[in-house]
Amino acid sequence: MLLKILFYWYINWIFSSRKISKKLKLDLGFMFLAWNNKPDFRTINNFRKNKWELLEEVFVQIVYLASELWLIKFWTFSIDWTNIYANASKYKNIDLEKLQDKINWLFDEADRIDELEDEKYWNNEDNIPDELADIEKQKEAIENS
């Protein structure tokens, strides 16, 4: 389940574990992909970090297999059955090494974004301000107002 979530989000250029976790609670399509499971951002992040090499290898295989089956083409982009061709030559294929480099970049970008969010939000899943995240601090804020 987590592999499907990560693969779908990374191909849609969303790398934040917190954003993924939030979408899994709000978006019906993503609830379907996750079988209505709602892992928190720590679970998603730990899965990605602990299975880094395996996930990278699986991503390369998925993308390479999809290109071999003509499910994706590296030289075209399709929206609603309309092909928009790039300026680059379609004969210039992406080899396996370049594909691995691109997928490695995806994981590095996800790691960088998660580190930035960890610094900003610490361990707070819903991005609640620190003074409201703790029940004792909430009580103090109510008493002081």
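Residues numbered from 1 in each chain as written. Predicted model: local features only at pLDDT ≥ 70, side-chain atom pairs only at ≥ 80, totals over all residues. Heavy atoms only, no water.

(A) Fine view of the overall build of the protein. When you go through the protein residue by residue, the secondary structure sums to eight helices and two strands. Along the protein, helices and strands appear, N-terminal first, in the series α-α-α-α-α-β-β-α-α-α. Here the protein has roughly 10600 Å² of accessible surface; of this, 56% comes from carbon and sulfur atoms. (Helix = DSSP H or I, 4+ residues; strand = E, 2+ residues; numbered from the N terminus. Areas by Shrake-Rupley, 256 points an atom, 1.4 Å probe, with all protein chains shown as cover.)

(B) Representation of unusual backbone geometry in the model. Positive phi, close to 55 degrees, is recorded for Trp35, a residue that is not glycine. Checked against the element boundaries, Trp35 lands in the loop between α3 (28-33) and α4 (41-50). Looking at Trp35, the relative accessible area reads 60%, which means it is exposed. (Buried < 20%, exposed > 50% of the residue type's maximum accessible area, 1.4 Å probe, protein only.)

(C) View of the packing of α4 against helix α6 (residues 96-121). It is the contact of α4 with α6, at a shortest axis distance of 11 Å, that shows an interaxial angle of 140 degrees. The angle between α4 and α6 falls in the class oblique. In terms of crossing hand, the pair formed by α4 and α6 is left-handed. Between α4 and α6, the contacting residues are Phe41, Asn45, Arg48 and Lys49 on the first element and Phe107, Ala110, Asp111, Asp114 and Asp118 on the second. Looking at the contact of α4 with α6 residue by residue, the classes come out as three nonpolar, one polar and five charged. (Axes fitted to C-alpha atoms, helices over the stretch in contact; angles between N-to-C directions. Parallel < 35°, antiparallel > 145°, perpendicular 65-115°, else oblique. Left-handed = near helix turned anticlockwise from the far one by under 90°. Contact = heavy atoms within 4.5 Å. Nonpolar A, V, L, I, M, F, W, Y, C, P; charged D, E, K, R; others polar.)

(D) Main features of α6. Between its first and last C-alpha, α6 extends 37 Å over 26 residues, near the 38 Å set by a 1.5 Å rise per residue. Packed against the buried residues of α6 are α1 (2-11), α2 (17-26), α4 and α5 (52-68). (Expected span 1.5 Å × (residues − 1).)

(E) Main features of the packing of α5 against α6. Packing of α5 against α6 leaves a shortest axis separation of 10 Å and a crossing angle of 130 degrees. Viewed along their axes, α5 and α6 adopt a mutual orientation that is oblique. α6 is crossed by α5, and the crossing has right-handed handedness. From α5, Trp52, Leu55, Glu56, Phe59, Val60, Val63 and Tyr64 reach across to α6, where they touch Leu96, Leu99, Gln100, Ile103, Asn104, Phe107, Asp108 and Asp111. Taken together, the residues that form the contact of α5 with α6 break down as 10 nonpolar, two polar and three charged.

(F) Layout of the packing of aromatic side chains. A full pass over the atoms with the stated rule returns seven aromatic pairs. Ring centres of Tyr8 and Phe30 lie 5.3 Å apart, and the angle between their planes is 55 degrees; on these two criteria the pair is classed as tilted. With Tyr8 in helix α1 and Phe30 in helix α3, the pair connects residues that are 22 residues apart, well separated along the chain. The exposure class of Tyr8 is partly exposed, given its relative accessible area of 34%. Judged by its relative accessible area of 12%, Phe30 falls in the buried class. (Phe/Tyr/Trp six-rings, centres within 6.5 Å; stacked < 30°, edge-to-face > 60°.)

(G) Spatial organisation of the confidence of the model for the protein. Looking at the protein as a whole, the pLDDT averages 77, with 75% of positions reaching at least 70. Low confidence marks residues 76-80, where pLDDT is under 50. Its contacts with residues over four positions away, or in another chain, come to six contacts. (pLDDT = per-residue confidence, 0-100.)

(H) Molecular detail of the pattern of salt bridges. Counted under the stated rule, the structure contains eight salt bridges. The partner of Asp114 in a salt bridge is Arg48, and the shortest N-O contact between them spans 2.7 Å. Placement of the pair is Asp114 in helix α6 and Arg48 in helix α4, with a sequence separation of 66 residues. The two residues Asp114 and Arg48 agree in class, both being buried. Note that Asp111 and Lys49 form a salt bridge whose closest N and O atoms lie 4.0 Å from each other. (Salt bridge = Lys/Arg side-chain N within 4 Å of Asp/Glu carboxyl O.)

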